[in-house]
Amino acid sequence: MLALQMTLELGTESAVRRELLRLALRNSTRSVPLQLIAVVVVAALGWQVGAYAFSSTAAALGLAVACWRYSLASRYKSARELTEREILAAQRELEGNSLLAGLLWLICSLGIYPALRDTTATTYVVIVIGSAATAALFMSLVGRSFLFLVGLSLGSVVIASLVFESVRSVPLAVLVGIFAVTMVRAAKEVSGTTARAIRHG
């Protein structure tokens, strides 16, 4: 009896992970156009201030992240039929994609953002925050994907705001840091609530 109950519980948890993965993959591809627009804008801003190498690298990474997300969605499109091993593999890939996206924003924050001024600098910060907020809709559902992205993207804005004199702003660093912590906590709540809804739905 106990063995049967454990088997049923394991089956339920696997079904929950499959559904969370399906939702994450579906929404990750929907975010790609917006992500590409954001990268193009930031790369253009960097090009205007002479940060050619950083702009080119950002554009290349942005394209790589987009292609990887489409590839993930294509290879794991039948999420409800995946084995445990395939679920784990897909999760690891999503986390890897998040790390790459985070690296993109890290490069932009340390290589392009310090060269921006006034309105363009503000525009950059808004874009990074918007990107993190958008990612919360899907990356928070699988593994540590969202934590990786927020740590690198918003964390790099905090570092740049403290280290580089051209954009130094302790209040901004504090506010972005608080926002990052709040987003991570909220993402955990969203993930937990979604999982519970799937279990009882």
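Residues numbered from 1 in each chain as written. Predicted model: local features only at pLDDT ≥ 70, side-chain atom pairs only at ≥ 80, totals over all residues. Heavy atoms only, no water.

J.: Which parts of the structure should I look at to understand the overall build of the protein?
T.: Looking only at helices and strands, the protein features seven helices and zero strands. Secondary structure elements of the protein, listed N to C terminal, follow the sequence α-α-α-α-α-α-α. Within the protein, buried positions represent 45% of all 201 residues. Pairs at least 24 apart in sequence give 77% of the contacts found in the protein among residues at least 6 apart. If you sum the accessible surface of the protein, you get close to 10,500 Å²; carbon and sulfur atoms cover 67% of it. (Helix = DSSP H or I, 4+ residues; strand = E, 2+ residues; numbered from the N terminus. Buried < 20%, exposed > 50% of the residue type's maximum accessible area, 1.4 Å probe, protein only. Contact = heavy atoms within 4.5 Å. Areas by Shrake-Rupley, 256 points an atom, 1.4 Å probe, with all protein chains shown as cover.)

J.: What am I meant to see in a nonpolar patch on the surface here?
T.: Taken together, the side chains of Leu 110, Ile 159, Leu 162, Val 163, Val 170, Val 174 and Ile 178 define a hydrophobic patch exposed on the protein surface, amounting to about 590 Å² of accessible area. Elements with a minimum of two residues in the nonpolar patch: α6 (145–163) and α7 (170–200). Its place among the elements puts Val 163 in helix α6. (Patch = residues over 30% accessible without salt bridge, like charges linked within 9 Å, V, L, I, M, F, W, Y side chains within 5 Å. Salt bridge = Lys/Arg side-chain N within 4 Å of Asp/Glu carboxyl O.)

J.: Could you clarify how one ought to interpret the nonpolar core in this entry?
T.: Considering soluble globular proteins, one finds that nonpolar side chains tend to be buried as a cluster. Judged by nonpolar contacts, the single largest core of 41 residues is most densely connected at Trp 105, Cys 108, Tyr 124 and Phe 146. Of all elements in the fold, only α2 (32–48), α3 (52–75), α4 (84–111), α5 (118–135), α6 and α7 reach the threshold of two or more residues within this core. Contacts of Phe 146, omitting those with residues within four sequence positions, involve Ala 132, Ala 135, Ala 136, Met 139, Ser 140, Met 183, Val 184 and Ala 187. (Core = buried A, V, L, I, M, F, W, Y, C linked by side-chain atoms within 4.5 Å.)

J.: Just checking my understanding: could you explain the environment of Ser 71 for this structure?
T.: Here Ser 71 is to be found in helix α3. With a relative accessible area of 29%, Ser 71 lands in the partly exposed category. For the pair Ser 71 and Thr 29, spaced 42 residues apart in sequence, the C-alpha to C-alpha distance is 9.4 Å.

J.: Looking at this structure, how should I read the packing of α4 against α6?
T.: The description of two packed helices rests on the angle between their axes and on the distance between the axes. Between α4 and α6, the shortest axis-to-axis distance is 7 Å and the interhelical angle comes to 10°. Judged on the interaxial angle alone, α6 and α4 are roughly parallel. On α6, the residues touching Leu 94, Glu 95, Ser 98, Leu 99, Ala 101, Gly 102, Leu 103, Trp 105, Leu 106, Ser 109 and Leu 110 of α4 are Ser 145, Phe 148, Leu 149, Leu 152, Ser 153, Ser 156, Val 157, Ile 159 and Ala 160. (Axes fitted to C-alpha atoms, helices over the stretch in contact; angles between N-to-C directions. Parallel < 35°, antiparallel > 145°, perpendicular 65-115°, else oblique.)

J.: In this structure, what is going on with the packing of aromatic side chains? I would like to understand it.
T.: Aromatic ring pairs are described here by two measures, namely the spacing of the ring centres and the angle between the planes. Within this structure, the stated rule accounts for three aromatic pairs. Consider the rings of Tyr 113 and Tyr 124, whose centres lie 5.2 Å apart with planes at 25°: the pair is stacked. Of this pair, Tyr 113 sits in the loop between α4 and α5 while Tyr 124 sits in helix α5, and the two are eleven residues apart along the sequence. Residue classification places Tyr 113 among the buried residues on the basis of a relative accessible area of 3%. Residue class for Tyr 124 comes out buried when judged on its relative accessible area of 0%. Each residue in the set Trp 105, Tyr 113 and Tyr 124 is aromatic and connected to the rest through ring pairs, giving one cluster. (Phe/Tyr/Trp six-rings, centres within 6.5 Å; stacked < 30°, edge-to-face > 60°.)

J.: Any chance you could explain the pattern of salt bridges here in plain terms?
T.: Pairing of side chains with opposite charge becomes possible as their charged atoms draw close. Throughout the structure, instances matching the rule amount to three salt bridges. For Glu 93, the salt bridge goes to Arg 75, with nearest N and O atoms at 2.6 Å. Placement of Glu 93 in helix α4 and of Arg 75 in helix α3 is noted, with a sequence separation of 18 residues between them. For Glu 93, a relative accessible area of 18% translates into the label buried. Here Glu 95 and Arg 144 are joined by a salt bridge, their closest N and O atoms 3.6 Å apart. One end of the pair, Glu 95, is in helix α4; the other, Arg 144, is in the loop between α5 and α6, and 49 residues separate them in sequence. Take Glu 95: its relative accessible area is 3%, and that puts it in the buried class.

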